[in-house]
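Breakdown of the fold
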Amino acid sequence: MSFRKKRVAFYTLGCKVNQYESESIKNQLLKKGYREESFENEADIYVVNSCTVTSIADKKTRNILRRAKRLNPDSTLIVTGCYAQTNSKELLEIEEIDFVVGNTNKNGLVSLIEDIDNKKSKLISGDIFEGREYEEYEFATLRERTRAYIKVQDGCNNFCSYCKIPFGRGRSRSRKLESICKEITTLVEEGFKEFIIIGINLSAYGEDLDKRICLEDLLERVAKIEGVERIRIGSIYPDKISDRFIELMKRERKLMPHLHISLQSCDDTVLRRMKREYGAKLIEDRVLSLKKEIPNVECTADVIVGFPGETEEMFENSYNLMKKIGFTDLHIFQYSDRENTLASKFTDKIDNKTKKERADRLEVLKKQMKEKRLKRYEGEKLTILTEEIKEDGYIYGYSENYLRVKAKIANAKINEFVRVKIIKLEEGLLIADGCERD
């Protein structure tokens, strides 16, 4: 294959786990002499790493695939990821696609590309539930300015009634502690100070390992690595915010006071039908306990509106509890049927108009809660890790509790800790003046 035939472009949809895996595949190809192209440019090979968490994600994947082939009709088009795993037959009907590679074979994508001329079958996939152990990706960690993402877990055993991710990712599989620590140590040597622990269901970390450990054990071990300054968690279920977890956040300075909570609803009936393993009372107890014990902790959450059978009263129950808790941000999704899920067979669907009205009401609440939470910091001091310098001399970074801050700092450098004083809130952004370098 000539060098010209080694131009490769990636488009990744969905979660940070998908992005982490794309980064690994891309870096393996770069080592073999391939050249990365922007997805908007002409390339010889296009790789689309797909998501299937919502029907919108499915539609976007299909649109991206057709767009790629228009950029270079002679290119090789490969689709991988969760949508490729769950809907391979549907994707095989799209004429433009050359190969459909499921998550079961994603780690072998580099070998496929190297031997692409000898592949006769368009479909390269297997049974996602056959995988029993975590499959390592070559270290090529997803880097985002000053932060590095560390994948520690894959798959999910919960089978919530609305979610098809277990069919795309398989059963829960945990990465060994030694491998995790080795990757983080390597990244510390490269200069990274902040690490975000990610997985499909972090709450299940360790359940499948021979030596039974849990997420708290993992966090304690990572915190002991010299050079690690900040640790963040990608997402957690509310029932996993245990007393031990709260105590760990309270005493371990490296564990940042911010949590993204996989909430989905705050109504007992909806949660039962979703097959979530907690109720509204637990949500209230755990999150408010966390906020009571951890100074300035900020919480964000995922929430689904318009789940089948959700009455106005049930929606109000969710709305009122979220308002009482006071989230800093919400990721709001309107329910959509996912094939092979239990909820897709429910007959008491909510109409699109009602779903949109409820989503709009939550959007208003989200803005109100965010403004109220952020206004509390006017006049306060926060420590930011600087990550971006604009032409106007302003520097941007995130505080301990993951609040974005804009500050004027003399002789600013990227990737340094700076203590700043918040002077005002401006269009959802905290503005700071003056600083002290840590």
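Residues numbered from 1 in each chain as written. Predicted model: local features only at pLDDT ≥ 70, side-chain atom pairs only at ≥ 80, totals over all residues. Heavy atoms only, no water.

**Quick notes on the overall build of the protein**
The secondary structure content of the protein amounts to 13 helices and 19 strands. For a compact globule of 438 residues, the expected C-alpha radius of gyration is about 22 Å, and the protein comes in at 23 Å, within 12% of that figure. C-alpha extents for the protein along the principal axes are approximately 65 × 60 × 45 Å. Evaluated residue by residue, the protein yields a buried proportion of 55% over its 438 residues. Once local pairs closer than 6 in sequence are excluded, the contacts in the protein between residues at least 24 apart make up 71%. When the accessible surface of the protein is split by element, carbon and sulfur atoms take 46% of a total near 20,000 Å². The positive charge centre, built from 81 side chains, and the negative charge centre, built from 76, are 1 Å apart in the protein. (Helix = DSSP H or I, 4+ residues; strand = E, 2+ residues; numbered from the N terminus. Rg over C-alpha atoms; globule rule 2.2 N^0.38 Å. Buried < 20%, exposed > 50% of the residue type's maximum accessible area, 1.4 Å probe, protein only. Contact = heavy atoms within 4.5 Å. Areas by Shrake-Rupley, 256 points an atom, 1.4 Å probe, with all protein chains shown as cover. Lys, Arg positive; Asp, Glu negative; His and termini not counted. Charge placed at Lys NZ, Arg CZ, Asp CG, Glu CD.)

**Thoughts on the packing of aromatic side chains**
How two aromatic rings sit relative to each other is set out by the distance from centre to centre and by the angle between their planes. Here the structure, examined in full by the defined rule, presents 10 aromatic pairs. Taking the centre distance of 4.4 Å and the plane angle of 15° together, the rings of Tyr398 and Tyr402 count as stacked. Note on Tyr398: relative accessible area 16%, which makes it buried. Relative accessible area serves as the criterion here: at 28%, Tyr402 is assigned to the partly exposed category. One aromatic cluster is present, built from ring pairs that chain together Tyr162, Phe307, Tyr335 and Phe346. The side chain of Lys390 reaches across the aromatic face of Tyr396, ending 5.6 Å from its centre. (Phe/Tyr/Trp six-rings, centres within 6.5 Å; stacked < 30°, edge-to-face > 60°. Lys NZ or Arg CZ within 6 Å of the ring centre and 35° of its normal.)

**Observations concerning the side chain of Lys406**
Mapping Lys406 onto the fold places it in strand E17 (residues 404-408). In this structure, Lys406 is buried with no salt-bridge partner, the nearest side chain bearing the opposite charge being Glu426 at 4.7 Å. In contact with Lys406, other than residues within four places in its own chain, are Tyr394, Ile395, Tyr396, Leu429, Leu430, Ile431 and Ala432. (Salt bridge = Lys/Arg side-chain N within 4 Å of Asp/Glu carboxyl O.)

**Quick notes on the nonpolar core**
Counting residues in each nonpolar core, the largest one holds 59 residues, and the members touching the most others are Ile261 and Phe327. The residues contacting Ile261, other than those within four sequence positions of it, are Ile236, Pro238, Ile241, Val287, Cys299, Thr300, Ala301, Asp302 and Phe327. Of all hydrophobic cores here, the second largest spans 20 residues; its members include Cys51, Ala57, Leu91 and Ile97. (Core = buried A, V, L, I, M, F, W, Y, C linked by side-chain atoms within 4.5 Å.)

**Examining the pattern of salt bridges**
Scanning the model with the defined rule gives 47 salt bridges in all. A salt bridge links Glu21 to Lys151; its shortest N-O distance comes to 2.5 Å. Taken as a pair, Glu21 in helix H1 (residues 16-31) and Lys151 in strand E8 (residues 147-154) lie far apart in primary sequence, 130 residues in all. Lys151 shares its class with Glu21; the two are buried. Between Arg169 and Asp154 there is a salt bridge, and its shortest N-O distance comes to 3.3 Å. Placement of the pair is Arg169 in helix H6 (residues 165-169) and Asp154 in strand E8, with a sequence separation of 15 residues. Given the relative accessible area of 7%, Asp154 is considered buried. Connected via shared salt-bridge partners are Arg147, Glu194, Arg230, Arg232, Glu387, Glu388, Lys390 and Arg404.

**Focus on the layout of surface pockets**
In this structure, the second largest pocket occupies an estimated 360 Å³ of space. Lining the second largest pocket are 15 residues, and of these Ser174, Arg175, Lys176, Leu209 and Asp210 sit closest to its centre. For the lining of the second largest pocket, the element with the highest residue contribution is helix H7 (residues 177-189), accounting for three residues. Grouping the constituent residues of the lining of the second largest pocket by class yields four nonpolar, two polar and nine charged. (1 Å grid on protein atoms, 1.4 Å probe; cavity = no way out; pocket = protein on both sides within 12 Å on 5 of 7 lines; lining within 4 Å. Points joined across faces, edges and corners; volume = space filled by probe spheres on them. Nonpolar A, V, L, I, M, F, W, Y, C, P; charged D, E, K, R; others polar.)

**Here's the deal with the environment of Leu382**
In this structure, Leu382 sits in strand E15 (residues 381-389). A residue is classified by how much of its surface remains accessible, and Leu382, at 4% relative accessible area, is buried. In this structure, the C-alpha to C-alpha distance between Leu382 and Lys421, residues 39 residues apart in sequence, is 6.5 Å. Discounting chain neighbours no more than four positions away, the residues touching Leu382 are Tyr377, Ser399, Glu400, Val418, Arg419, Val420, Ile422 and Leu430.

**Some details on helix H13 (residues 352-375)**
Its 24 residues give H13 an end-to-end C-alpha distance of 35 Å, which sits within 8% of 34 Å, the value for a rise of 1.5 Å per residue. Among the residues of H13, Thr354, Lys355, Arg358, Ala359, Leu362, Leu365, Lys366, Met369, Arg373 and Leu374 are the ones counted as buried. In this structure Asp351 caps H13, since a side-chain oxygen of it lies 3.2 Å from the backbone nitrogen of Lys353. (Expected span 1.5 Å × (residues − 1). Polar contact = N/O pair within 3.5 Å; in protein donor to acceptor, adjacent residues only side chain to side chain.)

**Regarding the side chain of Asn49**
The residue Asn49 is located in strand E3 (residues 45-50) in this model. For Asn49, a relative accessible area of 1% translates into the label buried. Within the structure, Asn49 has its side chain in polar contact with the side chain of Ser22 (distance 2.8 Å). Separated by 3.0 Å, the side chains of Asn49 and Lys106 make a polar contact. Apart from the residues within four sequence positions on either side, Asn49 is in contact with Tyr11, Thr12, Leu13, Asn18, Ser22, Thr80, Gly81 and Lys106.

**As for the environment of Ser125**
Tracing the sequence through the fold places Ser125 in the loop between strand E6 (123-124) and strand E7 (143-144). Separated by 151 residues in the primary sequence, Ser125 and Arg276 place their C-alpha atoms 30 Å from one another. If near-sequence neighbours (up to four positions away) are discounted, Ser125 is found in contact with Gln85, Gly102, Thr104 and Asn105. Here Gln85 takes part through its side chain, which lies 3.3 Å from a polar atom of the side chain of Ser125. Here the side chain of Ser125 touches Thr104 through a polar contact of 3.5 Å, side chain to side chain.

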